[in-house]
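# Fold and contact review
Given next are the chains, with one letter for each unit.
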Amino acid sequence: MINIEINTSSRYEVLMGEGLLESSGDIVCRALGLSSGEGTRLGIISDENVTRIYGGDDSILAGSLRDAGFSVHCFSFPGGEHNKNLDTVSNITDFLCENHFTRSDALVAFGGGITGDITGFAASIYMRGIPFIQVPSTLLSAVDSSVGGKTGVNNSYGKNLIGAFHQPEAVIFDPTLLKTLSRDLLLDGMAEMLKAGFIGDMSIVSEAVDFGERLLSDGENLTRLAAKAVAVKRDIVAEDEKEKGNRRLLNLGHTIAHSIETLSDFSISHGHAVAMGMRIIARAAAAQGWTDPAAGDMPQITDEVLNAFAFPEIPDFSAEDLTRIALHDKKAHGGSVSIVYPYRPGECRIIDVENNRLEAVIASGLCTYGKER
Ligand code: GLY
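Bear in mind that the values here come from a model prediction, so they are computed numbers and not experimental data.

In this section: empty space enclosed by the protein. One pass over the full model with this rule turns up two cavities of 30 Å³ or more. Every residue lining the largest cavity is listed: Asn 251, Gly 253, His 254, Thr 255, Ile 256, Gly 277, Ile 281, Ile 339 and Val 340. Going through the elements one at a time, helix 10 (254–263), helix 11 (270–288) and strand 11 (336–344) are the ones with two or more residues in the lining of the largest cavity. With three residues, helix 10 is the largest single contributor of residues to the lining of the largest cavity.

Okay, here's the thing in structure tokens:
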């Protein structure tokens, strides 16, 4: 089992290992500081897809929690970005009221990034905050969204505009869950894993490229590389939990990715959009002269890595449309937008781009792609 300790305003462990779901009851007891689950309610929150695949009341997770003495209540919601909203949060908090949850009870987010974000946010506001545990079922949530305490939902103005920092009490990742993921869902996680590599540990990138497609069905090595990505994030969030400074590095590719997701009406998934965003920003940074002159051809390096997994190229959106959405994004503050770009392999930097320059910057990322629009 891999154990990574996260040191933010609270300390917790990210545990990764085959079969951990079966011992989740004991792990949750320990994380909540209990000798037994007797007298504590746990609300397992999942989307309908996860409930269909792994079960609700009859899942391995629910069974293990019940065996540890917890009183387990399951809530399932329709998945997808369109349901990552305040209505779903309100349904969850109603469910908690109906089942008499108190501040000494807790939630368990069992699912992907959307489930983790919604559940964490519901936990952050129910009775002014109750504990929650992350049990990621996707590679993307295991390597990124389950760690670091960002929780929230979308509204009609954009992604994640409503939210809170609320750290989980533990993250329990059982890679046996990866076996049911489609290739596209694995690629979503791979994009975030490669992103972590570009930010702080190029061995993730080089190992992933060496394995190539084989990696997607190699649970052991995927977990090992996922742990390296979590370690990159651990170091960043320990220094900047509330994203006042370097945590913004974790947004490599994300400003453009959020625009791509929104413009595609979420038919392009987050991880795929991040991969596209990384391609575009690598080009833009090179065109703007931001990259280290000694770094080599960062756009080409980025492409080689993403092409090793056949990530799609960039979609057909104009710089104007991508910019319009990005300027509604929460990373636009005052008259400028913080953009993260690859400075050299394994090192990214942040630059504030004035709002009225953003379209030209994005256009330079598109046009050096041979797609001036
Ligand atoms: N996903 C980026 C962050 O947690 O800051």
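Next comes the rest of the write-up.
Turning our attention to the pattern of salt bridges. Per the stated rule, a full pass over the model turns up 21 salt bridges. A salt bridge links Lys 233 to Asp 144, with the nearest nitrogen and oxygen atoms 3.2 Å apart. Highlighted residues: Lys 233 in helix 9 (residues 219–239) and Asp 144 in helix 6 (residues 139–145), separated in sequence by 89 residues. A relative accessible area of 6% means that Lys 233 is categorised as buried.

What follows covers the sheet that holds strand 5 (residues 106–111). Reading across from one edge, 1-2-9-6-5-3-4 is the order of the seven strands in this open sheet, with mixed pairing throughout. Pairing within the sheet leaves two strands with one partner each, and these edge strands are strand 1 (2–7) and strand 4 (71–77). Strand-to-strand twist of the sheet, defined as the mean angle between neighbouring strand axes without regard to direction, takes the value 20 degrees. On top of the sheet, helix 3 (residues 60–67) reaches strand 3 (41–47), strand 4, strand 5 and strand 6 (132–136); it is set at about 175 degrees to strand 3, its chief contact. In the packing of helix 9 onto the sheet, the strands contacted are strand 1, strand 2 (11–16) and strand 9 (170–173), and the crossing angle to strand 1 comes to about 15 degrees.

Around the ligand, the neighbouring residues are Asp 144, Lys 150, Lys 233, Glu 243, Arg 247 and Leu 250. Contact between the ligand and Asp 144: a nitrogen atom at 2.9 Å from a side-chain N or O atom of the residue. The contact in question runs from an oxygen atom of the ligand to an N or O atom on the side chain of Lys 233, over 2.7 Å. In isolation the ligand exposes 200 Å². Once the protein is present, 91% of that is buried. In the shell around the ligand, the residues fall into one nonpolar, no polar and five charged.

Look at helix 4 (residues 86–98) against helix 5 (residues 113–125): their axes get within 10 Å of each other, and the N-to-C directions meet at 55 degrees. Between helix 4 and helix 5, the interaxial angle falls into the category oblique. The handedness of the crossing between helix 4 and helix 5 comes out as right-handed. Note on element contacts: helix 5 touches helix 4 through Ile 118, Phe 121, Ala 122 and Ile 125, opposite Leu 86, Thr 88, Val 89 and Ile 92.

Sheet analysis places strand 11 next to strand 12 (residues 347–354), joined by eight bridges and oriented antiparallel. Pairing of Ser 338 across the sheet is with Asp 352, part of strand 12. Counted between consecutive antiparallel strands, the loop separating strand 11 from strand 12 contains two residues, among which Gly 346 sits at a positive phi close to 85 degrees.

Of note, Lys 159 is situated in strand 8 (residues 158–165). A polar side-chain atom of Lys 159 sits 3.0 Å from a polar atom in the side chain of Glu 261.

Further remarks concern the side chain of Ser 124. Mapped onto the secondary structure, Ser 124 falls in helix 5. A polar side-chain atom of Ser 124 sits 2.7 Å from the main-chain carbonyl oxygen of Phe 121. When near neighbours in sequence (up to four residues on either side) are disregarded, Ser 124 contacts Gly 129, Thr 151, Ala 164 and His 166.

Here we come to helix 4. Taking 1.5 Å of rise per residue, the 13 residues of helix 4 would be expected to cover 18 Å, and the 18 Å separating its terminal C-alpha atoms lies within 8% of that figure. Of all the residues in helix 4, the buried ones are Thr 88, Val 89, Ile 92, Thr 93, Phe 95 and Leu 96. All buried residues of helix 4 fall inside an arc of 155 degrees around its axis, so they share one side. Looking at helix 4, the residues exposed on the side facing more than 90 degrees away from the buried face are Asp 87 and Glu 98. Measuring from the backbone nitrogen of Asp 87 back to the side-chain oxygen at the start of helix 4 gives 3.1 Å, which picks out Asn 85 as the cap. In the stretch just after helix 4, His 100 is the one whose phi turns positive, near 60 degrees.

In this structure, the second largest pocket spans a volume of roughly 310 Å³. Taken together, 18 residues form the lining of the second largest pocket, with Asn 155, Ser 156, Gly 158, Thr 262 and Phe 266 sitting closest to its centre. With three residues, the single largest contributor to the lining of the second largest pocket is strand 8. Residues of the lining of the second largest pocket, tallied by class, amount to four nonpolar, nine polar and five charged.

What follows concerns the nonpolar core. Counting residues in each nonpolar core, the largest one holds 76 residues, and the members touching the most others are Met 190, Met 193, Leu 194, Leu 215, Ile 260 and Phe 311. Apart from the residues within four sequence positions on either side, Met 190 is in contact with Leu 139, Leu 215, Leu 216, Leu 222, Phe 309 and Phe 311. With 24 residues, the next largest nonpolar core counts Leu 15, Leu 20, Phe 70 and Val 72 among its residues.

The next thing to look at is the packing of aromatic side chains. Applying the stated rule across the entire model yields four aromatic pairs. Between Phe 75 and Phe 95, the ring centres sit 5.1 Å apart and the planes meet at 55 degrees, which makes this aromatic pair tilted. Taken together, the residues span a long stretch of sequence, with Phe 75 in strand 4 and Phe 95 in helix 4 at a distance of 20 residues. Each member of the pair, Phe 75 as well as Phe 95, carries the same accessibility label: buried. Between Trp 290 and Tyr 341, the ring centres sit 5.1 Å apart and the planes meet at 45 degrees, which makes this aromatic pair tilted. Of this pair, Trp 290 sits in the loop between helix 11 and helix 12 (298–307) while Tyr 341 sits in strand 11, and the two are 51 residues apart along the sequence. When sorted by exposure, Trp 290 lands in the same class as Tyr 341, which is buried. Taken together, the ring pairs connect Phe 75, Phe 95 and Phe 101 into an aromatic cluster. In this structure, Arg 349 packs its charged tip against the face of Tyr 343, placed 3.6 Å from the ring centre.

About the thresholds
- Residues numbered from 1 in each chain as written.
- Predicted model: local features only at pLDDT ≥ 70, side-chain atom pairs only at ≥ 80, totals over all residues.
- Heavy atoms only, no water.
- 1 Å grid on protein atoms, 1.4 Å probe; cavity = no way out; pocket = protein on both sides within 12 Å on 5 of 7 lines; lining within 4 Å.
- Points joined across faces, edges and corners; volume = space filled by probe spheres on them.
- Helix = DSSP H or I, 4+ residues; strand = E, 2+ residues; numbered from the N terminus.
- Salt bridge = Lys/Arg side-chain N within 4 Å of Asp/Glu carboxyl O.
- Buried < 20%, exposed > 50% of the residue type's maximum accessible area, 1.4 Å probe, protein only.
- Pairing = 2+ DSSP bridges.
- Axes fitted to C-alpha atoms, helices over the stretch in contact; angles between N-to-C directions.
- Contact = heavy atoms within 4.5 Å.
- Near = heavy atom within 4 Å.
- Polar contact = N/O pair within 3.5 Å; in protein donor to acceptor, adjacent residues only side chain to side chain.
- Areas by Shrake-Rupley, 256 points an atom, 1.4 Å probe, with all protein chains shown as cover.
- Nonpolar A, V, L, I, M, F, W, Y, C, P; charged D, E, K, R; others polar.
- Parallel < 35°, antiparallel > 145°, perpendicular 65-115°, else oblique.
- Left-handed = near helix turned anticlockwise from the far one by under 90°.
- Expected span 1.5 Å × (residues − 1).
- Arc of directions from axis to C-beta.
- Core = buried A, V, L, I, M, F, W, Y, C linked by side-chain atoms within 4.5 Å.
- Phe/Tyr/Trp six-rings, centres within 6.5 Å; stacked < 30°, edge-to-face > 60°.
- Lys NZ or Arg CZ within 6 Å of the ring centre and 35° of its normal.

Spatial relationships are all this shows, so hold off on functional conclusions.
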